[in-house]
Amino acid sequence: MNYAICIVAYNRLNSVKRLLRCLEHAYYTQPVDLVLSIDKSDSTEIEDYAKTYSWKYGQLQIITHEQNLGLRKHVLSCGRFLEKYDAIVVLEDDITVAESFMDYVISCVEKFHDDDSIAGISLYSFQTNYQTRLPFIPLQCDSDIYLMKCAQSWGQVWMRKQWQDFMRWYEINKEEFHLQPHLPSAICRWSAKSWLKYHTRYCIEQNKYFVYPYVSLSTNNSDVGTHVTESSTLFQVPLLFGRKCKYHLNTSIKYDGFFENENLAEVLGVPNDQLCVDFYGEKNNREKRRYYLTRQTCPYKLLKSYSLSYKPYETNIFQELYGNDLFLYDTKETFKNSYKPNRSIYDYFYGGISKSILYTLIKKKMTKRILGLIHKKT
């Protein structure tokens, strides 16, 4: 297998320098080429810096685009490097990688490069569900990875065969799309500049997964730029520290494109294709599945109900910890239910901080920000 690292850059020189520094301190067991792809901007400082830069782990290629492509076209254009390489690591300039990221990349590519169920490999590990801004805690097993029908942009690996399959689908489905029952509403609201929403839609519709590490090999710095108006640490995650050479790549734990566990049907005793798991409350059973697992009180026959005492939420089901927080309904039979969940999702995640308190904190923060902007203008 031959590999390249492709940096997607625009006009943030300091971000590029930071990324290059962490790449220089990573471990490499074989030659890895570096491609620096620079989109057209009003500044030439990244191009000028690149001309003086030396990459000691392989060949260096500098691509300067004569016209501004924009993020979507720019990122997708990097796929052409897979004509030369078996796999490429694609990094936007505000990403930081762990020292051991290439050990992980090589292990995953060697295992999954011919696997048609895999669409790509993520370096990043979610701790927050970006659709709801609530914590995401993947179920742990004896593996270093889990699978999810969610593409990644904060450090990802594309493999030749899988990328070609996606691009064939993309050429047919690249028109703008809006809310659809089987897609997260969050990605449907993303702008036309987003390429990631197409890759995630592809995973959901074609039943493909990204490989995710439990311990992150990359993190997102959210530097201020064209698509980020204010720096934030919301999606900053801890990186693997030190070197890890061997990875156990068991694919038994799987999540869908809504961050919901796909391993629950058997333990719940219902058919998988008739079950809607909606712990985060983003699906609302829009696809009209017969069995509905939700935190909401619904007018259907209640089959089972579970407590929200353990984390992650699936543990309460596997441990058969019954209670009054998470409900499994048969939507074919109506019933007037009047109970309410014992615990709110905010209490479950934040240990007693009520929704009203959170709103108050957010309101104070927004007021302070607005006053700061007024002060700047005056």
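Residues numbered from 1 in each chain as written. Predicted model: local features only at pLDDT ≥ 70, side-chain atom pairs only at ≥ 80, totals over all residues. Heavy atoms only, no water.

### Notes on the nonpolar core
The biggest cluster of nonpolar side chains holds 114 residues, and the ones touching the most others in it are Ile5, Leu23, Phe101, Leu123 and Phe126. Residue contacts for Ile5: discarding those within four places in its chain leaves Leu23, Tyr28, Val32, Asp33, Leu34, Val35, Trp55, Val89, Leu91 and Phe101. Within the second largest apolar cluster, five residues are counted, among which are Cys276, Tyr292, Phe327 and Tyr329. (Core = buried A, V, L, I, M, F, W, Y, C linked by side-chain atoms within 4.5 Å. Buried < 20%, exposed > 50% of the residue type's maximum accessible area, 1.4 Å probe, protein only. Contact = heavy atoms within 4.5 Å.)

### Brief notes about the side chain of Ser77
If you trace the backbone, Ser77 turns up in helix 3 (residues 70–77). Residue classification places Ser77 among the buried positions, given a relative accessible area of 18%. (Helix = DSSP H or I, 4+ residues; strand = E, 2+ residues; numbered from the N terminus.)

### Looking at helix 1 (residues 13–24)
Along its 12 residues, helix 1 runs 16 Å from first to last C-alpha, staying within 8% of the 16 Å computed at 1.5 Å per residue. Looking only at helix 1, the buried set comprises Leu13, Ser15, Val16, Leu19, Leu20, Cys22 and Leu23. Looking at the buried side of helix 1, the elements it contacts are strand 1 (3–9), strand 2 (32–38), helix 2 (45–51), strand 4 (87–92), strand 5 (95–97) and helix 4 (101–112). (Expected span 1.5 Å × (residues − 1).)

### Things to note about the pattern of salt bridges
Following the criterion strictly, the structure yields 18 salt bridges and no others. Taking the shortest distance from any N to any O, the salt bridge between Lys244 and Asp144 comes out at 3.6 Å. A residue pair is termed long-range when its members are at least 10 positions apart, and Lys244 in the loop between strand 12 (218–220) and strand 13 (254–255) and Asp144 in the loop between strand 8 (134–135) and strand 9 (145–148) qualify at 100 residues. We classify Lys244 as partly exposed; its relative accessible area is 27%. Here Glu171 ties to Lys174 by a salt bridge, and the two come within 3.1 Å at their closest N and O atoms. Assessed through its relative accessible area of 45%, Glu171 is described here as partly exposed. Each of the salt bridges in this network shares a partner with another, and the network as a whole consists of Asp116, Lys161, Asp165 and Arg168. (Salt bridge = Lys/Arg side-chain N within 4 Å of Asp/Glu carboxyl O.)

### Some thoughts on the sheet that holds strand 14 (residues 275–278)
If you walk across this open sheet you meet the four strands as 14-15-17-16, and the pairing is mixed. Where the open sheet ends on each side, the last strands, each with one partner, are strand 14 and strand 16 (300–306). The average angle at which neighbouring strand axes cross in this sheet is 20 degrees, direction not considered. As defined by bridge partners, strand 15 (residues 291–294) adjoins strand 17 (residues 326–334) across four bridges and the pair is classed as antiparallel. By the bridge assignment, Tyr291 is partnered in strand 17 with Asp330. (Pairing = 2+ DSSP bridges. Axes fitted to C-alpha atoms, helices over the stretch in contact; angles between N-to-C directions.)

### Examining unusual backbone geometry
The omega angle of the peptide bond from Lys311 to Pro312 is -5 degrees, so this bond is cis rather than trans. Relative to the helices and strands, Pro312 resides in the loop between strand 16 and helix 9 (314–318). For Arg133, which is not glycine, the phi dihedral falls at a positive 65 degrees. Following the sequence through the fold, Arg133 ends up in the loop between strand 7 (128–129) and strand 8. One non-glycine residue, Asn207, lies in the positive phi region at around 60 degrees. Looking at where Asn207 falls in the secondary structure, it is placed in the loop between helix 7 (196–206) and strand 11 (209–213).

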